[in-house]
Every structure is written in C-alpha cells, then in structure tokens.
Amino acid sequence: TVTRKFVIWDDLPPVLALVGESVDIHEAGTAWLDPGVTAIDTVDGNLSVSVSGSVGSAQQTYYLTYTAADKSGNQATATRTVIVVDTMPPALTLYGSVTVNLNKGEPFIDPGFAAEDAYDGDLTSDVNVSGLDALDVNVSGTYVISYKVWDSSNRFAAANRTVYVEDWSYTIAGKAMDGYLVGASVVFDIDGNGTHDLSKPVTTDENGGFTLAFTKEEFAKADLNQNGIIDFDEGRIRVFGGKDSST
C-alpha cells in the first residue's frame, strides 16, 4: 500500500481594507469619526480589527494603524493618515438690525455682536470694531460701523452696520409675521408701485423686528389725509427675502 499524507496549512494573510480614504483631511474643531475597516480571511471569514493611534484636536497629522490576524497567525496591517486643519472662518453675528435709524442728537448704543469659531471657541472679545470715532450723532449722514475678527489660523469674518442719522419725524415698528425672518428687506410702498419710498433701506433683526423711519417730507407724502398719523390704508409694508430662523 501507498500512503499519501496531505498537510493543509494557511499561509495567506487576511485581506484588510479601509472604508473611506487612506488620507483624510479633517476640519479642526469637529469630532473625527472613523469610517471603519473590514478584514476578511479565506479560512476564518470576517475578523476583528485592532486600532492603534488616535486623532486629537490639535492641528497636525495623525496616523492610525489597523491590524488583523487569522487563527494561523497570518497578519495584515493598514494605515490611515488624518490631517487636522482649520479651513473655516469664525461665525460673526450682529445683534439687532444691520441698519439703524438714529434721531439727530440721540446717542448710538451698539445692539451687540458675537463671534464663535469651531476651533478657537468664543472670539467675541477679539472682535475689532471700527467707525465709531467717525459717527457724529449731531450731523445728518450715513455712517458705517465695521466689525472684523480673526481666528488663530488667520481666517477672518467681517460684517457692517449702517447708521442713518437724521431728523426722523415718525417711526413705525413691527415684526415680520412668517416666524422670525432675519435679514429680510422691508419696503414701505406709498404709491403702490412696489418700490421702497423711504430714503433709508430697512432690514429685519434677529427677532424679525424692524423700524421704518420717515423724514418730514416722507411723512407728509404718506399722510394723505394729514391727520398726523400713518393710517392702515396710507402705504403698504412688504417684506422680502430673509431667513426663517424658527426652522
């Protein structure tokens, strides 16, 4: 008789595959989630995978090593590189309206502002405000207050607030009815042609509020029956655009 001995062994490593990219560019200030990895062995099937390394919050390059081994000791490894960078500018928010109608002689009180960065956090105290020195509340005119802020990666955000100083004789305050319409254009249409008939543009604030300000000439034009007030049928208020912050 002849005996043949078969020796079966497993010398093939598992197949280890990264889910997602092997080089991942990740935005600083947000949590990094591992897309995952799969490990399949021709003999043992699906295998568990161990990971060494971690991804921190600092802007730098991180390396993760994934390892899987089958029951025969065959091993496979893969590496993922995660590069944490800050590409987003801060978020700069102006409270109140971006347009302010100020009566001549009335002091200007800034409604306030806030700045937040995903990586650096609260930057409100770092906001640079310019234009206040040029604002003369005793002289009619248009004044622009500028707000700017930079994060540690030298990315910046900017916003402007326009202050109109005038002898306003009449004002109408209101709120956009469709939720809180932020940054919407408010039109006061006196003659029914759909255009804004006041000298200064008006936008809604972060609560949907607005104030229409009339000069003496504009008030006289709108007050058709000359009773000293703007009646409901003397002009139309229209609101366009904006963002519904209630959704």
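See the structure printed just above.
These figures come from a predicted structure and were not determined experimentally.

*Asks:* Pulling in residues and values, what's your account of the nonpolar core?
*Replies:* What tends to happen in soluble globular proteins is that the nonpolar side chains get buried as a cluster. If you look at the biggest cluster of nonpolar residues, it comprises 18 residues, and the most contacted ones within it are Leu 92, Phe 108, Leu 135, Val 149 and Val 163. Looking at this core, the elements with two or more residues in it are strand S8 (91–94), strand S9 (99–103), strand S13 (141–150) and strand S14 (156–166). In this view, Val 163 contacts Val 100, Leu 102, Phe 108, Leu 135, Gly 141, Thr 142, Tyr 143 and Ile 145; residues no more than four positions away in its chain are not counted. Core analysis: the second largest hydrophobic core is formed by 13 residues, Ala 28, Ala 39, Ala 68 and Ala 76 among them.

*Asks:* Now, about the sheet that holds S8: what can you tell me, with residues and values included?
*Replies:* With antiparallel pairing, the three strands of this open sheet are ordered in space as S8-S10-S11. Of all the strands in the sheet, the pair left with one neighbour each is S8 and strand S11 (121–122). Sheet topology places strand S10 (residues 113–117) next to S11; two bridges connect them, and they run antiparallel. The residue bridging Glu 116 from the neighbouring strand is Asp 122, located in S11.

*Asks:* Describe the sheet that holds strand S1 (residues 15–18), and please don't skip the residues or the numbers.
*Replies:* Taken in spatial order, the three strands line up as S1-S3-S4 in an open sheet, and their pairing is antiparallel. The open sheet terminates on both sides in strands that have one partner only, identified here as S1 and strand S4 (45–46). Looking at chain direction, S1 and strand S3 (residues 37–41) are connected through four bridges and run antiparallel. Paired with Val 15 across the two strands is Ile 40, which belongs to S3.

*Asks:* Can you break down the packing of aromatic side chains residue by residue, with the values?
*Replies:* Under the criterion given, the structure shown has five aromatic pairs. With 5.8 Å between their ring centres and 75 degrees between their planes, Tyr 170 and Phe 214 make a pair best called edge-to-face. Separated by 44 residues along the polypeptide, Tyr 170 in strand S15 (residues 170–175) and Phe 214 in strand S19 (residues 209–214) bring together distant segments of the chain. Between Phe 188 and Phe 214, the aromatic rings sit 5.0 Å apart at their centres with planes inclined by 80 degrees, giving edge-to-face as the arrangement. One end of the pair, Phe 188, is in strand S17 (residues 185–189); the other, Phe 214, is in strand S19, with 26 residues separating them in the sequence. Comparing Phe 188 with Phe 214 shows no difference in burial state: the two are buried. Every member of this aromatic cluster is reached through a ring pair, and the members are Tyr 170, Phe 188, Phe 214 and Phe 219.

Basis of the calculations
- Sequence order sets the numbering: in each chain, residues are counted from 1 along the sequence as written.
- With pLDDT at 70 or above as the cut-off, local features in this predicted model cover only qualifying residues; side-chain atom pairs require 80 or more to be listed or tallied, and sums for whole chains, interfaces and linings still use all residues.
- To obtain the side-chain values, all non-hydrogen atoms of the structure were used and water was disregarded.
- Only buried residues count toward a nonpolar core, which is a set of Ala, Val, Leu, Ile, Met, Phe, Trp, Tyr and Cys residues joined through side-chain atoms within 4.5 Å.
- Exposure is judged per residue with a 1.4 Å probe applied to protein chains only, and the accessible area is read against the type maximum: over 50% gives exposed, under 20% gives buried, and values in between give partly exposed.
- Per the convention used, a helix needs a DSSP run of H or I reaching at least four residues, while a strand needs a run of E reaching at least two, with both numbered from the N terminus.
- Two residues form a contact once any of their heavy atoms are found within 4.5 Å.
- Two strands pair if DSSP finds at least two bridges between them.
- Think of it this way: a Phe, Tyr or Trp ring, Trp meaning its six-membered ring, pairs with another when their centres are within 6.5 Å, and the plane angle makes it stacked under 30 degrees, edge-to-face over 60, tilted otherwise.

Function-wise, these values are silent; they only describe arrangement.
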